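# A structural walkthrough
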Amino acid sequence: MLIGVPKEIKNHEYRIGLTPAGVTELVDHGHAVMVEAGGGAAIGFDDAQYRNAGAELVATADEVFDRAELIVKVKEPQPEECRRLKRGQALFTYLHLAPDPQQTRLLVDSGATCIAYETVTGPHQGLPLLAPMSEVAGRMAVQAGCHGLEKAQGGNGTLLGGVPGVEPARVLVIGGGVVGTNAARMAIGLGADVTILDRNVERLKELDERYGGRLKTVYSTRDAIERFAVDADLVIGAVLIPGAAAPKLISRELVSRMKPGAVLVDVAIDQGGCFETSRPTTHDAPTYIVDDVVHYCVANMPGAVARTATQALTNATLPYVAQLANKGVVEALLGNEHLLHGLNVHAGMVTFDAVAEALGYEYVAPREALGKAST
């Protein structure tokens, strides 16, 4: 199979869909890989490394999209990339379609097969291709929160871990999944007073056993969110409903009652955000202030640590890319139920129920869609 890796074009996005080591693995399986020139240069993966790994270097994204059977990316395709896709072509990347009607419409119109990293499942209902970036984003959320709390950034001037004789910052993490756990781990390590909210009692038990008295675990209710948010210096939104828009857990009215100079970090912004006052920002201008509360809502947080993130992502995605290439896209999807859950759009049909419900499309089950398209 001919696999194409274009350069990412989203604002301050330096990640790339495959490392040179990933290219070597696919070439060893007998596949051809073409990489857009300069695609990994910003993070130390230069063209010579890709060439030595066996990739063909091409000058433009147009050539990648024109020739490749399977396109491997990182971030959701931008409108001009969506318009380059065509029927019979497959796209494997993060999509986050539920809060993005324009992208969804363009992908439907393209006729392409679009597989989303974030909805591929694993054993025990895990999300193995979302997990590595969730780990990165959870850890980065605390870094971003620390910076946002600095007075020069609009924060209230609180040092996260305090110093002897001065109490530490109060950190509230909403959501006990991969993002929330990594955020809590970082905040605890810096000496903060950390509370985590979740609706899964078993998960709260696991976290309590892991961190003991260093972490407060509380069952998540509207009342609990309000009680802890108004006293928090830093709130990290780490909720996820796979493939669906994030629920709004902190209202505009609640923001107005928070401490002046508190910080909100919305890691769910890719799925529309879990704070009512959230709107996507970029690494160029990562924060804004509403009611004296600093908001950090960068939609591609791991892009700031792109070398680490690219290596972690390729480690996770490479076995699935190999399956798609070795078996063919349709056979690979039909033969792996976990990978099939990643199918969001196929041949003009929306094949993920939460996306269809959020955006008003008719839902077509993945197996049914693959069958229809082949007849």
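Here goes a summary of the coordinates provided. Just so you know, these numbers come straight off a predicted model, no measurement behind them.

## Observations regarding the sheet that holds strand β5 (residues 90-93)
Taken in spatial order, the eight strands line up as β3-β2-β1-β4-β5-β6-β14-β15 in an open sheet, and their pairing is mixed. In this open sheet, the two edge strands, each paired with only one partner strand, are β3 (56-58) and β15 (349-350).

## Overview of the pairing of strand β10 (residues 234-237)
Burial along β10 is two-sided: L234 and I236 and V235 and G237, pointing in opposite directions, are all buried. The sheet contact formed by strand β7 (residues 170-174) and β10 spans four bridges and is parallel. Its bridge partner lying in β10, L172 is registered against V235. Across four bridges, the pairing between β10 and strand β11 (residues 263-266) is parallel. Bridging across to β11, L234 finds its partner in V263.

## A short note on the nonpolar core
Counting residues in each nonpolar core, the largest one holds 76 residues, and the members touching the most others are V35, F92, I115, V194, V265 and L339. Per-element tally for this core: the top contributor is helix α11 (residues 306-327), with ten residues. Grouped together as the second largest cluster of nonpolar side chains are 26 residues, V64, C114, A116 and V350 included.

## Re the sheet that holds strand β13 (residues 293-296)
Strand order in the open sheet formed by seven strands is β9-β8-β7-β10-β11-β13-β12, and the pairing between neighbours is mixed. Each having just a single partner strand, β9 (215-219) and β12 (287-290) make up the two edges of the open sheet. Strand-to-strand, the axes of this sheet are offset by a mean angle of 20°, without reference to chain direction. Relative to β13, β12 runs antiparallel, the two being bridged by four bridges. From the neighbouring strand, V290 faces β13, where its bridge partner is V293. Running over the sheet, helix α6 (residues 131-148) touches β10, β11 and β13 and is turned about 155° from β11.

Criteria and thresholds
Residues numbered from 1 in each chain as written. Predicted model: local features only at pLDDT ≥ 70, side-chain atom pairs only at ≥ 80, totals over all residues. Heavy atoms only, no water. Pairing = 2+ DSSP bridges. Helix = DSSP H or I, 4+ residues; strand = E, 2+ residues; numbered from the N terminus. Buried < 20%, exposed > 50% of the residue type's maximum accessible area, 1.4 Å probe, protein only. Core = buried A, V, L, I, M, F, W, Y, C linked by side-chain atoms within 4.5 Å. Axes fitted to C-alpha atoms, helices over the stretch in contact; angles between N-to-C directions. Contact = heavy atoms within 4.5 Å.

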